[in-house]
Structures are given as structure tokens and as C-alpha cells.
Amino acid sequence: MTDHIENFTKESIQLLKSLISTPSFSKEEDKTAAIIRNFLDKNQIAYHIKANNTWCYNKFFDPKKPTILLNSHHDTVKPNPGYTRDPFIPSIEGDKLFGLGSNDAGGCLVSLLATFRYFYDKKELTYNLCYAATAEEEISGRDGIESILTELGTLDFAIVGEPTLMHLAIAERGLMVIDCEATGKAGHAARNEGENAIYKAIEDINWFRSYRFPKESEVFGPISMNITIINAGSQHNVVPASCKFTVDIRVTDAYRNEEVLAIIQEHISSQAIARSTRLKPSSIAINHPIVQAGLAMGRETYGSPTTSDQALLDIPSLKLGPGDSARSHMADEYIYIYEIEEGIKLYIKLLNSIL
């Protein structure tokens, strides 16, 4: 196994350097998709494609067995203005590999691929494995993982590759943005005419500020709701007939987005419309075998405040990967070489415990 890990690590680093040197902003990932497919071709692994998404299955896939999804993304954000080095030149300095996407989520992508290759031609596995390198994660785009879910087949659970220092993110907050409008009646301010929509909105805003949902997440605690935008009025002497405001809601695994929206609509007088309910909260049970295996290896569990492709999955999912979330989207992004090697080892050890 040691020789395999050394070779996988070397090949993974070379692959990651190729990906770093190839711009792959969300919706523009065709060139990195080609690099991943060429790598699979060289390793004689058949794959499926749709737009800039690529996925494949273990050699001895058995439709009677449950399937684990191993997923990470190959798109990146645009480099922020603070970069002091070329973001597309992969450079190793000491034990750091610098470059845009090295940490988020290139290290995870190549480490999961190495793990998939390790198990690829093994017979008599308890689970099938599906590896998916997907697009548009950074913008939660509809042409990313969401576009291929129906084609992946039945999935039992997923490991989503994001930088977690190889600790177990067993839950992730969902995101729902709601646009609200309180409606009144216009009138002249000097004569106290009309119905002031701002006052109506204030009542609802106070509800958002003070309401506590009955169910609370064991990981995250209560759902958080914050008013982030408000707009009303046209001139000083006219009582406004409309007051619009926006609510940022971080939904926990205690509720589905649709349930939260329904509760809000029951309690406020303003019209409330969700921009989308796609970005769902996600979780995996603490007693799930994959979580228990991680705990036995000394890994810690936590709830992740950041959103990933987990939000688009309707199956239990675990976010886990080499690198540190704090480095994501930072200037002069990097990942440690040892994190990739450790990531491959821990992924393999984790899956070995249940495969």
C-alpha cells in the first residue's frame, strides 16, 4: 500500500499542477474537464460526460450493491486583487503548493481521484464507488452536479471533497434568501393620510429578529435570520405604499427550506417569496458507519458554516478533504504537499473500514 500511496501522491500533485495552470472559472471549465478526462484515459478508466462534468464507476460495478458518491469540483473563483504571484503558475516552495484552486478544491479533487483509483479494480467490494468531478460549484450553478444527479443512479451516501483539514463536517447549513414586501397605502405625510408600509414592515422585521423555531439542530443550534436589505419611500412628504426588504436565512438540518418558508408565511403580513429553495441543509447521522469509522481514526466532527455541493444532494453526505477552508478564496492560495498525501491515506483508510 505504501508504494501505491507514494505513486498516487506524485501523480496527484502533477495532475493538480496541470489543473492550477489552466483557468477554470465557473462556467468556463471545459479545459480542466479535458485534463481530467485525459488522465482517466491514461489510466484506462471509462467515464461519462455531460457539459463540464465527468463521472465514472469502479470496474466491477454491481447494480445490486449500494453506491458511494465521491465528489469534488474543478471550477474556481476568480483570483482576488491581493495576489502577489501569478495564480496560474503552480509553484512549490518548501512544503506548499501555491496556485488558484490548489486548496479549494483541487487537493480534494485529486486526492479523491487517487482514492477511487486505489479501489477501482478491486473485487467483492461492499459498495460501488462513483467518482464525479463536477463544475459550477462556486456559483451553485444548474449545470454542475445538479444536472447529472438523475444520471448517476441510486446513491447511498456521499463524501464531498472540500477542505476540512480531514475532519468530518457532518452537517452543513442551507441558504435561503427571501424577498419580502409590506403593502400599505400612499398618502400625504402632513395630513397623516394613508397606511405606512414601513410601519407594517417593522412589525414583520421585529418578528424575524425575535422568532425562534421550535426545533433546533444538535450541531448548529437555532436557525439564523437576518434582514440585509431594505428599501422604501420616494420623497419626504409621501407616506410609502410599499416597503421591500430581504432576509438572509441560514437553515439547519432541523428543517427543510420549504418548511421554513411556510412557517414564515404563516407569521408575517408581508408577502414573502423565496428566490430559491435549492440550497438545502445537509447532514449525516453521527452513528453512520462512515462517521463512526472517522471517529475511530481520531477525526473530529463539526458543522460547516459554508455552502458546497452538499446543498444540492438529497442523500446523507459527509464533507471531508485535505486543505483548510480558511485558505479558500484567499490571495496566494496554497495547500501543503503533506496534506494531499495524508488526504489520500485517510480517505483510503476510511473507506477500507466499510468496503
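In short, a report on the structure. Per chain, the residues get numbers from 1 upward, laid out in the order the sequence is written. Local features in this predicted model are restricted to residues of pLDDT 70 or higher, and side-chain atom pairs are both shown and tallied only at a pLDDT of 80 or more, whereas totals for entire chains, interfaces and linings draw on every residue. With hydrogens and water set aside, each side-chain value is computed from the structure's full complement of heavy atoms.

## So, the sheet that holds strand β14 (residues 271–274)
Part 1 of the argument: Pairing between strands is defined by DSSP: at least two bridges between them are needed. A run of H or I in DSSP counts as a helix once it spans at least four residues, and a run of E counts as a strand once it spans at least two, with each numbered from the N terminus. Taken together, the four strands give an open sheet; going across it, the order is β11-β13-β9-β14, and neighbouring strands pair in antiparallel fashion. Lying at the two open borders of the sheet, with one neighbouring strand each, are β11 (224–232) and β14. The mean inter-strand angle of the sheet, taken between neighbouring strand axes irrespective of direction, is 20°.
Part 2 of the argument: Relative to strand β9 (residues 174–183), helix α5 (residues 257–267) is tilted by about 20°, and along the sheet it contacts β9, β11, β13 (242–251) and β14. Angular values range over 0 to 180 degrees, each being the angle between N-to-C directions of two axes fitted as lines to C-alpha atoms, with helices fitted over their stretch in contact. Residues are treated as being in contact if the distance between any of their heavy atoms lies within 4.5 Å.

## Here's the deal with the side chain of Glu-137
Part 1 of the argument: Take Glu-137: it is sitting in the loop between β6 (128–134) and β7 (157–160).
Part 2 of the argument: In this structure Glu-137 is buried but unpaired, with Lys-319 as the nearest side chain of opposite charge at 7.1 Å.
Part 3 of the argument: What Glu-137 contacts, discounting residues up to four positions off in sequence, is His-73, Asp-75, Glu-162, Thr-307, Ser-308 and Asp-309. Relative accessibility thresholds used throughout: buried, under 20% of the residue-type maximum; exposed, over 50%; partly exposed, between the two (1.4 Å probe, protein chains only). Asp and Glu count as negative and Lys and Arg as positive, but His and the ends of the chain are not part of the count. Throughout this description, the term salt bridge denotes a Lys or Arg side-chain nitrogen within 4 Å of a carboxyl oxygen of Asp or Glu.

## Observations regarding the pattern of salt bridges
Part 1 of the argument: The tally for this structure, following the rule as stated, stands at 17 salt bridges.
Part 2 of the argument: Between Arg-191 and Glu-193 there is a salt bridge, with its nearest N and O atoms 2.9 Å apart.
Part 3 of the argument: The class for Glu-193 is partly exposed, based on a relative accessible area of 34%.
Part 4 of the argument: Close ionic contact of Lys-345 with Glu-341 constitutes a salt bridge, the shortest N to O distance being 3.6 Å. With Lys-345 and Glu-341 both in helix α7 (residues 337–352) and four residues apart, the pair spans about one turn of that helix.
Part 5 of the argument: Accessibility expressed as a relative area gives 28% for Glu-341, which makes it partly exposed.
Part 6 of the argument: If you follow the salt bridges from partner to partner, you end up with Arg-142, Glu-146 and Arg-278 in one network.

## Quick notes on the sheet that holds strand β18 (residues 334–336)
Part 1 of the argument: Here we have three strands laid out as an open sheet, ordered β4-β5-β18, and antiparallel in their pairing. One side of each edge strand has no neighbouring strand; the edge strands of this open sheet are β4 (91–93) and β18. Between one strand and the next, the sheet's axes are offset by a mean angle of 25°, whatever the strand orientation.
Part 2 of the argument: Bridge count for β4 against strand β5 (residues 96–98) is three bridges, and the pairing is antiparallel. Bridge pairing in β5 places Ser-91 opposite Phe-98.
Part 3 of the argument: Together, β5 and β18 form the strand contacts of helix α3 (residues 102–120), whose direction differs from that of β18 by roughly 45°.
Part 4 of the argument: Contacting β4, β5 and β18, α7 crosses the sheet at an angle of about 60° to β18.

## Re the nonpolar core
Part 1 of the argument: We define a nonpolar core as any set of buried Ala, Val, Leu, Ile, Met, Phe, Trp, Tyr and Cys residues linked to one another through side-chain atoms lying within 4.5 Å. Ranked by size, the top nonpolar core spans 54 residues in total, and within it Ile-159 and Ile-290 carry the most contacts.
Part 2 of the argument: Looking at this core element by element, the count peaks at 11 residues for α3.
Part 3 of the argument: Excluding anything up to four places from it in sequence, Ile-290 contacts Phe-157, Ile-159, Ile-284, Leu-318, Leu-350, Leu-351 and Ile-354.
Part 4 of the argument: Counting 26 residues, the second largest nonpolar core, distinct from the first, contains Ala-197, Ala-254, Ile-268 and Ala-272.

## Observations regarding the packing of aromatic side chains
Part 1 of the argument: The pairing test for Phe, Tyr and Trp rings, Trp by its six-membered ring, is centres within 6.5 Å, and the orientation test on the planes gives stacked under 30 degrees, edge-to-face over 60, and tilted for anything in between. All told, the structure shown has 14 aromatic pairs when counted by the stated rule.
Part 2 of the argument: Centre to centre, the rings of Phe-208 and Phe-245 are 6.2 Å apart; their planes meet at 80°, and the pair counts as edge-to-face. In this pair, Phe-208 is assigned in helix α4 (residues 197–210) and Phe-245 in strand β13, connecting sequence segments 37 residues apart.
Part 3 of the argument: Chaining the aromatic ring pairs together yields one cluster made of Trp-207, Phe-208, Tyr-211, Phe-213, Phe-245 and Tyr-255.
Part 4 of the argument: The ring of Tyr-334 carries Lys-96 above its face, with NZ or CZ at 4.4 Å from the centroid. Counted as over-ring charges are cases with an Arg CZ or a Lys NZ within 6 Å of the ring centre that also lie within 35 degrees of the ring normal.

## As for a nonpolar patch on the surface
Part 1 of the argument: Every patch collects residues that have over 30% relative accessible area and no salt bridge, joining them within 9 Å if they carry like charges and within 5 Å if they are nonpolar side chains (Val, Leu, Ile, Met, Phe, Trp, Tyr). Here the Shrake-Rupley method, with its probe set to 1.4 Å, supplies the accessible areas, and only the displayed protein chains count as covering residues. Together, Ile-198, Tyr-199 and Ile-202 give the surface a local cluster of nonpolar side chains, amounting to about 290 Å² of exposed area.
Part 2 of the argument: Relative to the elements of secondary structure, Tyr-199 occurs in helix α4.

## A short note on helix α2 (residues 30–42)
Part 1 of the argument: With 13 residues, α2 should reach 18 Å at 1.5 Å per residue; the first-to-last C-alpha distance of 18 Å fits that figure.
Part 2 of the argument: Of all the residues in α2, the buried ones are Thr-32, Ala-33, Ile-35, Ile-36, Arg-37, Phe-39 and Leu-40.
Part 3 of the argument: Once α2 finishes, Gln-44 follows within two positions and takes phi at roughly 55°, a positive value. To estimate the expected span of a helix, count its residues, drop one, and scale the result by 1.5 Å.

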